[in-house]
Structures are given as C-alpha cells and as structure tokens.
Amino acid sequence: MARVELRQLRYFVAVAEELNFGRAAERLLIAGPSLSQQIKALERDLGVRLFDRDRRSVSLTPAGAALLPHTRALLERADDLKSRAGRLSGSQPVRLGYVNWLPPDLISRTAAVAQVHIDAWVAPSHTQAARVGDGSLDVAVCRVRTEDLGRLGLRARLIGADRLYAVAKGADAGPVAARDIDVLIDDDVTAWAAWNAYAEELARATGARAVRISDGAVTGPAFFDHVRRCTRPVLNSPKGQTTPLPPDLVRREIVAPKVYWTWSLVWRESEDRPGVLAVVEALTSGVGELGIHTPDAWLPPDDPYAPPG
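Computed from a prediction, not measured in an experiment: that's the story for all the values here.

1. Some details on the overall build of the protein
Working step 1: Secondary structure assignment for the protein yields ten helices and 15 strands.
Working step 2: For 309 residues, the compact-globule estimate of 2.2 N^0.38 gives 19 Å, and the protein sits close to it at 21 Å.
Working step 3: Expressed as lengths along the three principal axes of its C-alpha atoms, the size of the protein is roughly 55 × 50 × 35 Å.
Working step 4: Here the protein holds 309 residues, and the buried ones make up 47% of them.
Working step 5: Long-range contacts, defined as pairs at least 24 residues apart, comprise 72% of the intrachain contacts of the protein with a sequence gap of at least 6.
Working step 6: Taken as two groups, the 39 positive and 38 negative side-chain charges of the protein have centres that lie 4 Å from each other.

So this is what it looks like as structure tokens:
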C-alpha cells in the first residue's frame, strides 16, 4: 500500500467511469499503454483485480466496484487537504484565463502553491495570450505560435494536446486520410484567428480542402449542418472534442498524418513571482509529449512543439 499513488487512484476512477481505456487515456492526457501499466501496478499493489478486460470490453470486478466509492472519497479528502494547506500558507493569487479546455485536476494540482482564480471571460487563444502579455492575466491555457511568444514577450510549456478527428455522414466510420477531408475557415477573423491560421496551414501541408464559411459554425450545432452539406468528412475543432454526435453522423479517425492541436500554458518572460512560477511548474511537470512527436503526427511548423525543420 505504501507504493500506491493518488495519481494511480485518479486513473482507476477515470477508467471506471469511462469503461474504456482509450477514452480514459484521452481524458487524462496520457498514453494508453502507460495508463494500462499504471492500472496493472495499482492492482498488484492492492492485491486485487479491479477490471475484467478483453479486446472488446472493460468492466469492473466486484472488488473494483466495492473500492470505487471509497477511492472517490479518498481523492476528495486529498483535494480538500491540499486546498486547506494552500489557504493556510498565505499563497499568492494567480489569475488564469482559458479558451475552452482546462486540466480536470487543475485546482488539486495548484492548491498547495497558489490561489488560482479562473477568469470568467472565455476568449479566443490570441486574445488570452495578449492579455497575459499586457498583464491582464498571469497565465493562460491557449494555442500559441512561436512568433506570438516573441512578439508578446511570453514563455510557453505544453499542457495538453487534442488529436482531432473528422465528422462525416453515412455509415463508414473507418479512417480517412487528411488529404480527403474538408476544413472550415470562418470569415470572422476576430473570433477564429487561431483556428483559421491552423486550418489554412493544414490544408497547405496535407492537401485537405479549405471551405470558407461565414456563420461561425466551426463548432456547435451549425457545424453538423455543414457536415451534412459537404461531400467529404469535415475536420472537427478542439471546441468540439467532447460534443456528442447526432445519430446520422459518424466520427472518423484522421490518418496520414494524425492531426494534433496543442494547448500551451503561457506566462510572461519577465515573470518572477514565486506563486505564478509554482503554478506553471505544478501544471506542466510530467505532462510528457502526448503523442505529438510520433512519426505520423502533424503539427503546424509555427507550433512551439513542432520538430525543427
């Protein structure tokens, strides 16, 4: 038991809730094989099998089902302990902005080092990066380009990555090559600047077809109407990663190459406050490369984590 880590218990809860190792790994932003190894290590240390699994299904064993509520309660107590410790330490307030995604365990990871205040203004990536640059925010989770970092005086670390997929009509849910998809580019450059730059670069690099729209339907219900009108599968956006699909549409894996969108945690290059720097370390330590450096992965060349050349 001395070897059991809270991180492994969080992994156990995620797999128990998803009953699918692939979906749980995506939710936790770790590699599937790593998640499987951690669950096996936890089972070994606890001395019980938590899951029955084969190639088609995953289910809780009776022991796993019995331990799940106790594990959730233990994690809640651990989060409360960190929160109380943070308040007792007189930690510094840190203002954090985001676009649409945050690490699910953000508060528990930062509670001991700072009082993180999540800004209520959910804005596009370029806006949030600019707000960090001008001091309106201390840190932000957003997509940035290498040139943005130099222009705004920012530093960045990888905090998350989404593997994007295509949405299509019909029954074919098989993989589709990137060159055979459509990518939507919206006329509203204020709201969709980061997405448009990404989509245009993807079209140039892979041969995907750019489709101009003017209704803001890069995501949301109107996106599905565009999918129905297009003759080819359509690239989803990071804002649509967890949106359920209508029954008449299917999700298709994009291959040749696999298409990734990265999320950075950005802060000012001149930042020297211990609380801000501690939040950066707490949120990005141990993130790993999240699959973005595999030979068949694609990132725009202006992405801070794209391989050189």
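Having seen it, we continue.
2. Brief notes about empty space enclosed by the protein
Working step 1: Within this structure, the stated rule accounts for two cavities of 30 Å³ or more.
Working step 2: As a volume, the largest cavity reaches approximately 130 Å³.
Working step 3: Looking at the largest cavity, it is lined by 15 residues, and the ones nearest its centre are Val99, Trp192, Trp195, Lys239 and Trp261.
Working step 4: For the lining of the largest cavity, the secondary-structure elements that each account for two or more residues are α6 (125–134), α8 (193–206) and β14 (258–268).
Working step 5: Element by element, the count of residues in the lining of the largest cavity is highest for α8, at three residues.
Working step 6: Here the lining of the largest cavity is built from residues that sort into ten nonpolar, four polar and one charged.
Working step 7: Computed from the structure, the second largest cavity encloses a volume of approximately 70 Å³.
Working step 8: Lining the second largest cavity are Tyr165, Val167, Val218, Thr219, Gly220, Phe223, Phe224, Asn236, Ser237, Gly240, Thr243 and Leu245.
Working step 9: Among the residues forming the lining of the second largest cavity, the class breakdown is six nonpolar, six polar and no charged.

3. Focus: the side chain of Ser264
Working step 1: Residue placement: Ser264 occurs in strand β14.
Working step 2: Using a relative accessible area of 1% as the deciding quantity, one classes Ser264 as buried.
Working step 3: Looking at Ser264, its side chain comes within polar contact range of the side chain of Tyr305, at 2.6 Å.

4. Observations regarding the pattern of salt bridges
Working step 1: For the structure on display, the rule yields 30 salt bridges.
Working step 2: For Asp138, the salt bridge goes to Arg95, with nearest N and O atoms at 2.9 Å. With Asp138 in the loop between α6 and β5 (139–142) and Arg95 in strand β3 (residues 92–98), this pair connects stretches of sequence that are 43 residues apart.
Working step 3: Owing to a relative accessible area of 1%, Asp138 belongs among the buried residues under this scheme.
Working step 4: With a shortest N-O distance of 3.3 Å, Arg268 and Glu271 are connected by a salt bridge. We note that Arg268, like Glu271, is buried.
Working step 5: Residues participating in the shared-partner salt-bridge network are Glu17, Glu18, Arg23, Arg27 and Arg72.

5. Overview of helix α9 (residues 221–229)
One full turn of an α-helix is made of 3.6 residues, so residues set three or four places apart face in the same direction.
Working step 1: Those residues of α9 that sit buried are Phe223, Phe224, His226 and Val227. Taken down its axis, α9 places every buried residue within 155° of arc, on the same side. Turned more than 90 degrees away from the buried face of α9, the exposed residues are Pro221 and Arg229.

Basis of the calculations
- Residues numbered from 1 in each chain as written.
- Predicted model: local features only at pLDDT ≥ 70, side-chain atom pairs only at ≥ 80, totals over all residues.
- Heavy atoms only, no water.
- Helix = DSSP H or I, 4+ residues; strand = E, 2+ residues; numbered from the N terminus.
- Rg over C-alpha atoms; globule rule 2.2 N^0.38 Å.
- Buried < 20%, exposed > 50% of the residue type's maximum accessible area, 1.4 Å probe, protein only.
- Contact = heavy atoms within 4.5 Å.
- Lys, Arg positive; Asp, Glu negative; His and termini not counted.
- Charge placed at Lys NZ, Arg CZ, Asp CG, Glu CD.
- 1 Å grid on protein atoms, 1.4 Å probe; cavity = no way out; pocket = protein on both sides within 12 Å on 5 of 7 lines; lining within 4 Å.
- Points joined across faces, edges and corners; volume = space filled by probe spheres on them.
- Nonpolar A, V, L, I, M, F, W, Y, C, P; charged D, E, K, R; others polar.
- Polar contact = N/O pair within 3.5 Å; in protein donor to acceptor, adjacent residues only side chain to side chain.
- Salt bridge = Lys/Arg side-chain N within 4 Å of Asp/Glu carboxyl O.
- Arc of directions from axis to C-beta.

By themselves, these observations are geometric and do not establish any function.
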